[in-house]
Amino acid sequence: MEQECMRCGKPVEGSREDYELFERMHWECFHFAFEHNLYGDIAEDADCGQPGCPVSA
Ligand SMILES: [Zn+2]
Ligand SMILES: [Zn+2]
């Protein structure tokens with residue numbers, strides 16, 4: 001069964017378990033949705049300061 005990201009609509013590689021864990025999103029998309037948008041409206045191209053933020057990588 002195809003795993004599709006709820007946020008960007010692209011296929012998600014990886015285990016079903018991870019897919020469910022990140023609310024059926026890529027973890028990057030999950031990160032943006034929950035760490036950037038939900039708590040303080042941080043732009044997606046700005047580093048939110050969290051360890052592992054995809055922007056700083
Ligand atoms: Zn995505
Ligand atoms: Zn971030």
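Residues numbered from 1 in each chain as written. Chains lettered and ligands numbered in written order. Predicted model: local features only at pLDDT ≥ 70, side-chain atom pairs only at ≥ 80, totals over all residues. Heavy atoms only, no water.

This brings us to the coordination of the zinc ion (ligand 2). Here the zinc ion (ligand 2) is held by His31 (NE2), His36 (NE2), Cys48 (SG) and Cys53 (SG), and the distances to it run 1.9 to 2.4 Å. Each of the four donor atoms bound to the zinc ion (ligand 2) contributes to angles spanning 100 to 122 degrees, and the resulting shape is tetrahedral. For His36, a relative accessible area of 0% gives the class buried. (Donors = N, O, S within 2.8 Å, 3.2 Å for Na, K, Ca; no water. Tetrahedral: all angles 85-135°; square planar, octahedral: opposite > 155°, others 65-115°. Buried < 20%, exposed > 50% of the residue type's maximum accessible area, 1.4 Å probe, protein only.)

To continue, consider the coordination of the zinc ion (ligand 1). Donor atoms from the polypeptide that coordinate the zinc ion (ligand 1) comprise Cys5 (SG), Cys8 (SG), His26 (ND1) and Cys29 (SG), at 2.0 to 2.3 Å from the metal. For the zinc ion (ligand 1), the four donor atoms in the first shell make angles of 103 to 120 degrees at the metal, a pattern classed as tetrahedral.

Attention now moves to helix H2 (residues 27-38). Taken as a whole, H2 has its buried residues at Cys29, His31, Phe32, Ala33 and His36. Positive backbone phi, approximately 110 degrees, marks Gly40, located one or two places after H2. (Helix = DSSP H or I, 4+ residues; strand = E, 2+ residues; numbered from the N terminus.)

To continue, consider the nonpolar core. As a rule of thumb, soluble globular proteins bury nonpolar side chains together. Counting six residues, the largest nonpolar core is built from Cys5, Val12, Tyr19, Met25, Cys29 and Ala33. The contact partners of Ala33, leaving out residues within four places of it in the chain, are Arg7, Met25 and Leu38. (Core = buried A, V, L, I, M, F, W, Y, C linked by side-chain atoms within 4.5 Å. Contact = heavy atoms within 4.5 Å.)

The next thing to look at is the side chain of His26. With respect to the helices and strands, the residue His26 is situated in the loop between helix H1 (16-21) and H2. Here His26 falls in the buried class, since its relative accessible area comes to 18%. Among the polar contacts listed, one links the side chain of His26 to the backbone oxygen of Pro11, at a separation of 3.1 Å. Residues contacting His26, with those up to four places away along its chain left out, are Cys5, Cys8, Lys10, Pro11 and Val12. (Polar contact = N/O pair within 3.5 Å; in protein donor to acceptor, adjacent residues only side chain to side chain.)

To continue, consider unusual backbone geometry. Its identity is not glycine, yet Glu23 carries a phi of approximately 55 degrees, on the positive side. Inspection of the secondary structure puts Glu23 in the loop between H1 and H2. We note that Arg24 has phi near 60 degrees; this positive angle belongs to a residue other than glycine. When you line up the elements, Arg24 lands in the loop between H1 and H2.

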